[in-house]
Amino acid sequence: MSEKMLPMREALRIALREEMLRDERVFVMGEEVGQWQGTHKVTRGLLEEFGAKRVRDTPISEMAIAGAAVGAAMMGLRPVAEMMTLNFAFLALDAIVNHAAKIHYMFDGQFRVPLVIRAATGWGNQATATHSHTPEPIFAHFPGLYVGCPSNPADAKGMLKAAIRDENPVLFTEFIALYPKPGPVPDDEDYIVPIGKADVKREGKHVTIVSFGSGVDWSLHAADELAKDGVECEVIDMRWLRPLDMNTVFESFKKTNRCVVVEESLPMYSFGSEIAAQIQENMFDYMDAPVKRVSAMDVPLPYARDIELMALPNADKVVAAVKEVL
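It is worth spelling out the packing of helix 9 (residues 214–227) against helix 13 (residues 315–325) at this point. In a pair of packed helices, the angle between the axes and the distance between the axes together describe the arrangement. Closest axis-to-axis distance for the helix 9/helix 13 pair is 8 Å, and the angle between their directions is 60°. Between helix 9 and helix 13, the crossing angle belongs to the class labelled oblique. Handedness of the helix 9/helix 13 crossing: right-handed. Every residue of helix 13 that contacts helix 9 at W218, S219, H221, A222, E225 and L226 is listed here: A315, V318, V319, V322 and K323. Split by residue class, the contact of helix 9 with helix 13 holds 7 nonpolar, 2 polar and 2 charged.

Here is the structure:
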């Protein structure tokens, strides 16, 4: 399989284009996705190629976007709805959580809602508190809604294509800091990353590091630094917060007996809390140390650059956490 070096935003654009060519039911909708090419340029060129019927600019109303997408999906289309940031999706919680996630159950299987809601997430270079948090775990709380969080361009392409083809509603989040980062992307129209499957990004034997999204970058950099001192970390990219592939984590933990969880999200009621709880419940006999969590500080993200970075995780904080559990 041939590959191309592409930034994540381009890998996502290619995934959208390929799926729109493959299935005429797929269409894109959202704020500025057409004439302005998308806030983060993921929908660049799609309006010119597919026209306004399949690339639809919407009002600045997240509830209208999500509500229209749910209705379109129920009637047999496969909408891919874009929101500028995941923080704004709070305005559409009713449509996403009470409708998209529950209609298949509430209607006893008579309706499906095969939609994807794409949203940028994570800190955005002094975008301040209302634009910069990483609230994916809030959405992953609800059964019936899949939540995907790619950490690299190849996974972004394969995961988005899988999400569009699936019969269930998917919240698909894209980390702002990762949009420009390049990586090898398979040049294959049927390249798919299975929903609900984690990936071991680096093998090791001393500590398991579990993360997703931009946290994977910090974890891999930390693993490189720790390897200089003879500490071999196994880095697991969860990729999907729901379904959550704990079997991959458990198999790694049986080998390492120690775990650090890394996330850009806030620490309270979090992804890290869930991973730690499941390890404690299922792997207690293998534990040689408490699970250590690395997350953003429990504050609204500040505007000032230095304080913003202070409040966020980084590779140095991951290194310190690994040394603590050792």
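Turning our attention to the sheet that holds strand 13 (residues 259–262). The sheet built from 5 strands is open, its strands ordered 9-11-10-13-14 with mixed pairing. Both edges of this open sheet fall to strand 9 (199–202) and strand 14 (292–294), since each of them pairs with a single strand only. Neighbour-to-neighbour, the strand axes of the sheet open up by a mean angle of 25°, direction not taken into account. Sheet analysis places strand 9 next to strand 11 (residues 233–237), joined by 3 bridges and oriented antiparallel. Residue pairing across strands places D199 opposite D237, the latter belonging to strand 11.

For the structure shown, the criterion picks out 4 aromatic pairs. Taken together through their ring pairs, the aromatic side chains of F175, F212 and F271 make up a single cluster.

By the element assignment, Y286 lies in the loop between helix 11 (271–282) and strand 14. Residues Y286 and T256, 30 residues apart in the sequence, show an inter-C-alpha distance of 8.6 Å.

Turning our attention to the environment of K197. Structurally, the position occupied by K197 is in the loop between strand 8 (182–186) and strand 9. For K197, a relative accessible area of 40% translates into the label partly exposed. Between the C-alpha atom of K197 and that of V319, which follows or precedes it by 122 residues, the distance is 26 Å.

Before going further, it helps to spend a moment on the pattern of salt bridges. Taken as a whole and assessed by the stated rule, the structure comprises 27 salt bridges. For D217, the salt bridge is made with K181, and the minimal N-O distance between the two is 2.6 Å. With D217 in helix 9 and K181 in the loop between strand 7 (170–175) and strand 8, this pair connects stretches of sequence that are 36 residues apart. The partly exposed category is assigned to K181, whose relative accessible area is 39%.

This paragraph deals with a nonpolar patch on the surface. Together, Y105, M106 and F107 line one region of the surface with nonpolar side chains, adding up to about 410 Å² of accessible area. Position of M106 relative to the elements: it lies in helix 5 (residues 103–106). Classification of M106 as exposed rests on a relative accessible area of 61%.

Further remarks concern the domain arrangement of the chain. Each domain of the chain was delimited in the assignment, giving domain 1 (3–186) and domain 2 (199–325). Distance from the C-alpha centre of domain 1 to the C-alpha centre of domain 2: 26 Å. The contact between domain 1 and domain 2 buries some 2400 Å² in all, and 60% of this surface belongs to carbon and sulfur atoms. Interface area lost by domain 1 to domain 2 is led by W123, Q126 and H133, which between them contribute 27%. Those elements that place two or more of their residues in the side of domain 1 that touches domain 2 are helix 6 (129–132), helix 7 (136–140), strand 6 (146–148), helix 8 (153–165) and strand 7. Of the residues assigned to the side of domain 1 that touches domain 2, the class counts are 16 nonpolar, 11 polar and 3 charged.

Reading the values: the criteria
- Throughout this description, residue numbers start from 1 for each chain and increase along the sequence as written.
- Per-residue local features are limited, in this predicted model, to residues with pLDDT of at least 70; the limit for side-chain atom pairs, both in listing and counting, is 80 or more; totals at the level of whole chains, interfaces and linings are taken over all residues.
- Side-chain measures here rest on the full set of heavy atoms in the structure, leaving out hydrogens and waters.
- Axes, fitted as lines to C-alpha atoms, cover a helix only where it is in contact. Angles between the N-to-C directions of the axes lie from 0 to 180 degrees.
- Helix and strand assignments come from DSSP, with helices taken as H or I runs of at least 4 residues and strands as E runs of at least 2, each series counted from the N terminus.
- By definition in this entry, angles of less than 35 degrees are roughly parallel, angles greater than 145 are roughly antiparallel, angles of 65 to 115 are roughly perpendicular, and the rest are oblique.
- Each crossing gets its handedness from the near helix: less than a right angle anticlockwise from the far helix is left-handed, clockwise is right-handed.
- Note on contacts: a residue pair qualifies if any of its non-hydrogen atoms lie within 4.5 Å across the two residues.
- Note on residue classes: Ala, Val, Leu, Ile, Met, Phe, Trp, Tyr, Cys and Pro are nonpolar, Asp, Glu, Lys and Arg are charged, and everything else, Gly too, is polar.
- In this scheme, strands are said to pair when DSSP sees at least two bridges between them.
- For Phe, Tyr and Trp, rings pair up if their centres lie within 6.5 Å, where Trp contributes its six-membered ring, and each pair is then called stacked (planes under 30 degrees apart), edge-to-face (over 60) or tilted (otherwise).
- Remark: exposure states derive from per-residue accessible area (1.4 Å probe, protein chains only) relative to the maximum for the residue type, with buried under 20%, exposed over 50%, and partly exposed in between.
- For this analysis, a salt bridge means a side-chain nitrogen from Lys or Arg found within 4 Å of a carboxyl oxygen belonging to Asp or Glu.
- Exposure above 30% relative accessible area and the absence of a salt bridge qualify a residue for a patch, where like charges join within 9 Å and nonpolar side chains (Val, Leu, Ile, Met, Phe, Trp, Tyr) within 5 Å.
- Working definition of accessibility: Shrake-Rupley area with a 1.4 Å probe, residue cover restricted to the visible protein chains.
- Where each domain starts and ends follows an automatic or database-derived domain assignment.
- Here the buried area means the combined drop in accessible surface, using a 1.4 Å probe, for two parts upon being joined, counting both sides.

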